[in-house]
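Here are the chains, one letter per residue:
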Amino acid sequence: MPTTSRRSTLIALTALAPVSWGTTYAVTTQFLPPDRPLFTGLMRALPAGLVLLALARVLPRGAWWWKASVLGALNIGAFFPLLFLSAYRLPGGMAAVVGSVGPLIVVGLSALLLGQRPTARSMLTGAVAAFGVSLVVLKAAGALDPVGVLAALASAASMSTGTVLTKRWGRPDGVGPLALTGWQLTAGGLLIAPVAFLVEGAPPALDGRAIGGYVYLALANTAVAYWLWFRGIGRLSATQVTFLGPLSPLTAAVVGWAALGQALTPVQVAGMALAFGATVAGQIGPRTSRVRVREVASRGNTVTQRRRRSWPKSSAPVVASRSPRGRAVPVGVPCTAPPPAGRRPTGSGRGASGSVSTG
């Protein structure tokens, strides 16, 4: 399969993660007990992490105990509660709007921690994505709650930092994305558990509808989605992965329109087009990088061709000998067996140029 096709497939699979996360709001409001954000975060993270650990059967070693704990706290343990807190305290989709600055945070952190210089195009694309999301989800009304705004910014910063550190640290030798995802979900779930029981008390009574909702959140929405997300981080740039984030609020708007009967205005449709266009633009690498790669490849091919021309392909021994007519064959030209007796050597007379055929 061509490299371009593999890359497109990888981006599409990674994009399934934020698309899945976009269904969280509908599942939470339609299936789960109300006012239990911490318990919901716990049920999303810890069961999924334990399932992935059972499948991978690999535990951290050495420094990866604290690295997995840090990544689990940033990507899961702190992100989930802060995200739910901002959603409960901010009007409409303001939490999603504030959270959509994540790509800009990643651009800055990538310059600091990964040595990737920010470009004007990446900054502009991030701003357009945030503006498009605001047109889709922002509702007029209500004063902004400072705690909610800070929680939304902190959740975006937490996830963005976790994404960049995941890219910086990579994975231990012999450890796949399945195990790395299980480590982080388990660590994040263990961090949420005591806070959930202290703040919200005992778990609520669950009916079949709620159990089904939690199973979906734990498996498809978290275990599979985060596995695809961290797999994408390992193979794509941190900026590319983060620019897929706006697909989450866009999916939430589409699900709300299709399943919950929520209307979409022309302004929202325009915002969806802007945000989706910015997401696609965020997957296109710098043109100069591709040109340099082609130039390097071209130089390498030229050198290879020169080397091939400078060495004979024949495996015959390279020695000096005499031609059938008594002329010396220069050293470095592979000799072949002399022609059979009675056969005239090729060439007419002594040859106009003095060259000799070797058979």
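Residues numbered from 1 in each chain as written. Predicted model: local features only at pLDDT ≥ 70, side-chain atom pairs only at ≥ 80, totals over all residues. Heavy atoms only, no water.

### Thoughts on the overall build of the protein chain
Then comes step 1: The helix and strand tally for the protein chain stands at 15 helices and two strands.
Then comes step 2: Counting over 359 residues, the protein chain shows a buried share of 40%.
Then comes step 3: Look at the contacts in the protein chain between residues 6 or more apart in sequence, and 84% of them connect residues 24 or more apart.
Then comes step 4: Total accessible area computed for the protein chain in this model is approximately 19500 Å², and 65% of it derives from carbon and sulfur atoms. (Helix = DSSP H or I, 4+ residues; strand = E, 2+ residues; numbered from the N terminus. Buried < 20%, exposed > 50% of the residue type's maximum accessible area, 1.4 Å probe, protein only. Contact = heavy atoms within 4.5 Å. Areas by Shrake-Rupley, 256 points an atom, 1.4 Å probe, with all protein chains shown as cover.)

### Observations regarding the nonpolar core
Then comes step 1: Residues Trp21, Phe80, Tyr226 and Trp229 are the most contacted members of the largest nonpolar core, which totals 29 residues.
Then comes step 2: Going through the elements one at a time, helix H1 (3-21), helix H3 (37-56), helix H5 (79-89), helix H10 (177-200) and helix H11 (208-235) are the ones with two or more residues in this core.
Then comes step 3: Once residues lying within four places of it in the same chain are set aside, the contact partners of Phe80 are Gly41, Arg44, Ala45, Ile192 and Tyr226. (Core = buried A, V, L, I, M, F, W, Y, C linked by side-chain atoms within 4.5 Å.)

### A short note on unusual backbone geometry
Then comes step 1: The phi dihedral of Asp35 is positive, around 60°, even though this residue is not glycine.
Then comes step 2: Relative to the helices and strands, Asp35 resides in the loop between helix H2 (24-31) and H3.
Then comes step 3: Its relative accessible area of 54% is what places Asp35 among the exposed residues.
Then comes step 4: Despite not being glycine, Arg57 has its phi angle at roughly 55°, a positive value.
Then comes step 5: Along the polypeptide, Arg57 turns up in the loop between H3 and helix H4 (64-77).

### Notes on the confidence of the model for the protein chain
Then comes step 1: When pLDDT is averaged along the protein chain, the result is 77; 75% of the residues meet or exceed 70.
Then comes step 2: Below a pLDDT of 50 lies the segment residues 287-316, which in the model reaches six contacts outside its immediate sequence neighbourhood of four places, other chains included. (pLDDT = per-residue confidence, 0-100.)

### A few points about the packing of H10 against H11
Then comes step 1: Following both chains from N to C, one finds H10 and H11 inclined at 120°, their axes separated by 9 Å at the closest point. In this view, H10 runs oblique relative to H11, as classed from their interaxial angle. The handedness of the crossing between H10 and H11 is right-handed. Residues Pro177, Leu178, Thr181, Gln184 and Leu185 of H10 pack against Thr222, Ala223, Tyr226, Trp227, Phe230 and Arg231 of H11.
Then comes step 2: Class assignment of the residues belonging to the contact of H10 with H11 gives a composition of seven nonpolar, three polar and one charged. (Axes fitted to C-alpha atoms, helices over the stretch in contact; angles between N-to-C directions. Parallel < 35°, antiparallel > 145°, perpendicular 65-115°, else oblique. Left-handed = near helix turned anticlockwise from the far one by under 90°. Nonpolar A, V, L, I, M, F, W, Y, C, P; charged D, E, K, R; others polar.)

### What about the environment of Thr166?
Then comes step 1: Secondary-structure assignment places Thr166 in helix H9 (residues 146-169).
Then comes step 2: Given the relative accessible area of 5%, Thr166 is considered buried.
Then comes step 3: Spatially, the C-alpha atom of Thr166 lies 9.3 Å from that of Ala68, the residues being 98 residues apart in sequence.
Then comes step 4: Not counting residues within four places of it along the chain, the set of residues in contact with Thr166 comprises Leu71, Asn75, Leu180, Gln184, Phe230 and Ile233.
Then comes step 5: Polar contacts involving the side chain of Thr166 include one to the main-chain carbonyl oxygen of Gly162, which spans 2.6 Å. (Polar contact = N/O pair within 3.5 Å; in protein donor to acceptor, adjacent residues only side chain to side chain.)

### Description of the packing of aromatic side chains
Then comes step 1: Tallied over the full model, the rule gives eight aromatic pairs.
Then comes step 2: Between Trp64 and Trp183 the ring centres are 6.1 Å apart and the planes differ by 50°, which places this aromatic pair in the tilted class. Of the two residues, Trp64 sits in helix H4 while Trp183 sits in helix H10, which places them 119 residues apart along the sequence.
Then comes step 3: Each member of the aromatic cluster is reached from another via a ring pair, and the members are Trp21, Phe79, Phe80, Tyr226, Trp229 and Phe230.
Then comes step 4: The ring of Trp64 carries the charged tip of Lys67 above its face, separated from the ring centre by 5.2 Å.
Then comes step 5: A cation over an aromatic ring shows up here: Arg209 above the ring of Phe31, its NZ or CZ 4.4 Å from the ring centre. (Phe/Tyr/Trp six-rings, centres within 6.5 Å; stacked < 30°, edge-to-face > 60°. Lys NZ or Arg CZ within 6 Å of the ring centre and 35° of its normal.)

### A look at the side chain of Thr279
Then comes step 1: Position of Thr279 relative to the elements: it lies in helix H14 (residues 266-281).
Then comes step 2: At 3.3 Å, the side chain of Thr279 and the backbone oxygen of Phe243 are in polar contact.

### Looking at H14
Then comes step 1: Helix length check: H14 (16 residues) gives 23 Å between terminal C-alpha atoms against 22 Å at 1.5 Å per residue, within 8%.
Then comes step 2: Residues Gln268, Gly271, Met272, Ala275, Ala278 and Thr279 constitute the buried set of H14. Each buried residue of H14 lies within a common arc of 135° when the element is viewed along its axis, so the set occupies one face. Opposite the buried face of H14, at more than 90 degrees from it, the exposed residues are Pro266 and Ala273.
Then comes step 3: Packing partners of the buried residues in H14 comprise helix H8 (120-137) and helix H13 (247-259). (Expected span 1.5 Å × (residues − 1). Arc of directions from axis to C-beta.)

### A closer look at the packing of H9 against H11
Then comes step 1: Where H9 contacts H11, the axes come no closer than 8 Å and their chain directions differ by 55°. In terms of their interaxial angle, H9 and H11 are classed as oblique. In this structure, the crossing between H9 and H11 has a hand that is right-handed. Of the residues in H11, those in contact with Met159, Thr163, Thr166 and Lys167 of H9 are Tyr226, Trp229, Phe230, Ile233, Gly234 and Arg235.

### Concerning H11
Then comes step 1: The end-to-end C-alpha distance of H11, which contains 28 residues, comes to 39 Å, matching closely the 40 Å that a straight helix rising 1.5 Å per residue would cover.
Then comes step 2: Taking the largest bend as the criterion, H11 deviates by roughly 30°, centred on Leu217. (Bend = angle between axes of the 7 residues up to and from the residue.)

### Here we look at a nonpolar patch on the surface
Then comes step 1: On the surface, Val51, Leu55, Leu206, Ile211, Val215 and Leu219 cluster together into a nonpolar patch covering about 490 Å² of accessible area.
Then comes step 2: Mapped by element, the contributors of at least two residues to the nonpolar patch are H3 and H11.
Then comes step 3: Take the nonpolar patch: its biggest share by element is three residues, from H11.
Then comes step 4: In this fold, Leu219 is placed in helix H11. (Patch = residues over 30% accessible without salt bridge, like charges linked within 9 Å, V, L, I, M, F, W, Y side chains within 5 Å. Salt bridge = Lys/Arg side-chain N within 4 Å of Asp/Glu carboxyl O.)

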